[in-house]
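Coordinates in review
Chain by chain, the residues:
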Amino acid sequence: VKEEGKNHFQFFTSEMNELVSRKSTIAMSIRKGLKLGEFTVHYQPQIDIETENIIGVEALVRWHHPKLGSISPAEFIPIAEENGMIIHIGEFVLRTACQQNKDWQDSGMAPFRVAVNISAKQFSQGNIATVVTSALEDAGLAPHFLELELTESIIQGATSAISKMQELKTMGIHLSIDDFGTGYSSLSYLKLFPVDTLKIDQHFTRNIHNDPKDAALVATIIQMAHNLELNVIAEGVETLEQLAFLKNKRCNQAQGYYFQKPLLPEKIEELYMNT
Ligand code: C2E
Ligand code: CA
Ligand code: CA
Ligand code: CA
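Definitions and cut-offs
Residues numbered from 1 in each chain as written. Chains lettered and ligands numbered in written order. Predicted model: local features only at pLDDT ≥ 70, side-chain atom pairs only at ≥ 80, totals over all residues. Heavy atoms only, no water. Near = heavy atom within 4 Å. Polar contact = N/O pair within 3.5 Å; in protein donor to acceptor, adjacent residues only side chain to side chain. Areas by Shrake-Rupley, 256 points an atom, 1.4 Å probe, with all protein chains shown as cover. 1 Å grid on protein atoms, 1.4 Å probe; cavity = no way out; pocket = protein on both sides within 12 Å on 5 of 7 lines; lining within 4 Å. Sits in = over half its atoms within 2 Å of the grid points. Helix = DSSP H or I, 4+ residues; strand = E, 2+ residues; numbered from the N terminus. Donors = N, O, S within 2.8 Å, 3.2 Å for Na, K, Ca; no water. Buried < 20%, exposed > 50% of the residue type's maximum accessible area, 1.4 Å probe, protein only. Contact = heavy atoms within 4.5 Å. Points joined across faces, edges and corners; volume = space filled by probe spheres on them. Nonpolar A, V, L, I, M, F, W, Y, C, P; charged D, E, K, R; others polar. pLDDT = per-residue confidence, 0-100. Pairing = 2+ DSSP bridges. Salt bridge = Lys/Arg side-chain N within 4 Å of Asp/Glu carboxyl O.

**Comments concerning the site of ligand 1**
By nearness alone, 21 residues border ligand 1, and Gln44, Arg62, Gln202, Glu238 and Tyr257 come closest of all. Within the contact set of ligand 1, a nitrogen atom lies 3.2 Å away from a backbone nitrogen or oxygen of Val61. In isolation ligand 1 offers 800 Å² of accessible surface; the protein chains occlude 83% of this area. Placement of ligand 1 is best described as lying within the largest pocket. Contributions of two or more residues to the shell around ligand 1 are made by strand S2 (54–65), helix H2 (73–83), helix H3 (86–106) and strand S6 (174–180).

Encoded structure:
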């Protein structure tokens, strides 16, 4: 028993410690990274399937850490949610995205929406409507050119969620449910919550041609969205076959590597200036 305990301890010191220290390094360097401009925002086009025109972009945060290099948001966003720094990252992305969209419009591009991811903590803490109003006013961007992507966890989370969503809707902001189908919430919330769009999670899109059950789920989600008079977008579209399936099922929009990866703002301008 003593031997086992010792081995266990050694395992902890060697491998776990490394993980713990990477995690705490990340946790501790977010504030400074924001101050030093290490965070940037990339934009991924969202395409109308029928016309193949761009209808919006999703803002996705990027971080180049001076020692650790590029860190995926899939790694640092959960850490930032734990230590509260998500509030600051979220506000940075919101402000940057609103300003960027206004700059594109001023440069003469045909206007489209910018979609910003809002984490559960960002939505439940503080006054999201005030933060959003301030970002829009400072950028000079009209509210209907902003969309907020909310996850099912936000919606289940607080009883105040519905009134916050209504307040944002009244302002003219679009709301979407991100990663739709991956949460465990009841479908009845779709009736209660004032959202415009369902975003089909990329897990389902990826399996359209490998798993008949995922294909059936995608078709059902699209049909249900339309019956509820909601817009529906599929994320993670990588192949022409997936796009053809979605088009056949009358999915409204698509986003994914088949069209474009998340891009620098200059690249968006280059691609869509004259379309
Ligand atoms: P998400 O909101 O579901 O964003 C979609 C992710 O899928 C992005 O990863 C995007 O780059 C990636 N993606 C897009 N098209 C394809 C495709 O065709 N194939 C594949 N395999 N992937 C595709 P990314 O940028 O690494 O972001 C990961 C997650 O981190 C996001 O998932 C979101 O949950 C979170 N995140 C990113 N930026 C922000 C942010 O500004 N605020 C918050 N709260 N979360 C963010
Ligand atoms: Ca998203
Ligand atoms: Ca998503
Ligand atoms: Ca996701």
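**Looking at the coordination of the calcium ion (ligand 4)**
Only Asp179 (OD) and Asp179 (OD) from the protein coordinate the calcium ion (ligand 4), and they sit 2.8 to 3.2 Å from it. Here the calcium ion (ligand 4) and the calcium ion (ligand 3) are spaced 3.6 Å apart, linked through Asp179, which binds each one. Tracing the chain through its elements places Asp179 in strand S6.

**Thoughts on the coordination of the calcium ion (ligand 3)**
Listed as protein donors to the calcium ion (ligand 3) are Asp178 (OD), Asp179 (OD), Glu235 (OE) and Glu235 (OE); their distances from the metal cover 2.3 to 2.4 Å. Within one chain, the residues serving as donors to the calcium ion (ligand 3) are arranged as D-D-x55-E. In this structure, the calcium ion (ligand 3) lies 3.8 Å from the calcium ion (ligand 2), and both are coordinated by Asp178. Taken together, the residues span a long stretch of sequence, with Asp179 in strand S6 and Glu235 in strand S8 (residues 231–235) at a distance of 56 residues.

**As for the side chain of Glu149**
Within the fold, Glu149 resides in strand S5 (residues 146–151). Taking the relative accessible area as the measure of exposure, Glu149 reaches 1% and is therefore buried. When neighbours within four sequence positions are excluded, Glu149 is seen to be in contact with Gln46, Glu58, Ala115, Val116, Asn117, Ile118, Ser176, Asp178 and Lys199.

**Considering the layout of surface pockets**
Considering only enclosed or pocket space, the largest pocket measures out at about 900 Å³ in volume. In this structure, the largest pocket is lined by 35 residues; those nearest its centre are Glu58, Leu60, Pro73, Asn117 and Asp178. Of all elements in the fold, only S2, H2, H3, helix H4 (120–124), S5 and S6 reach the threshold of two or more residues within the lining of the largest pocket. Counted by class, the lining of the largest pocket contains 14 nonpolar, 12 polar and nine charged residues. Its volume calculated, the second largest pocket comes out at about 170 Å³. Sort the elements by how many residues they give to the lining of the second largest pocket and helix H10 (residues 212–227) lands first, with four residues. The residue makeup of the lining of the second largest pocket, split by class, is seven nonpolar, four polar and one charged.

**With respect to empty space enclosed by the protein**
Applying the stated criterion across every chain yields a total of one cavity of 30 Å³ or more. Reported here for the largest cavity is a volume of approximately 50 Å³. Contributing to the lining of the largest cavity are Gln46, Ile55, Arg113, Glu147, Thr197, Asn231, Ile233 and Gln253. Residues of the lining of the largest cavity, tallied by class, amount to two nonpolar, four polar and two charged.

**Overview of the confidence of the model for the chain**
When pLDDT is averaged along the chain, the result is 92; 92% of the residues meet or exceed 70. Here the predicted complex carries an ipTM of 0.98, next to a pTM of 0.93.

**Considerations on the environment of Gln260**
Position of Gln260 among the secondary structure elements: in the loop between strand S9 (253–255) and helix H12 (265–272). Judged by relative accessible area, Gln260 falls into the partly exposed class, the value being 22%. Among all residues touching Gln260, those that are not within four sequence positions of it are Gln44, Pro45, Leu271 and Tyr272.

**Section: the pairing of S5**
Within S5, five of the six residues are buried, leaving the element largely enclosed by the surrounding structure. Direction of pairing for strand S4 (residues 113–117) relative to S5: parallel, over a ladder of four bridges. By the bridge assignment, Val116 is partnered in S5 with Leu148.

**Structural notes on the pattern of salt bridges**
In a structure, side chains of opposite charge can pair up when their charged atoms sit close to one another. This model, assessed by the stated rule, comprises 11 salt bridges. With a closest N to O distance of 3.2 Å, Glu147 and Arg113 form a salt bridge. Of the two residues, Glu147 sits in strand S5 while Arg113 sits in strand S4, which places them 34 residues apart along the sequence. Grouping residues by exposure puts Glu147 and Arg113 together as buried. Where Lys199 meets Glu149, a salt bridge forms, and the shortest distance between an N and an O atom there is 2.8 Å. Of the two residues, Lys199 is situated in strand S7 (residues 197–200) and Glu149 in strand S5; the sequence distance between them amounts to 50 residues. For Lys199, a relative accessible area of 0% corresponds to the buried category. Here the salt bridges do not stand alone but share partners, grouping Glu58, Glu149, Lys199 and Glu235 into one network.

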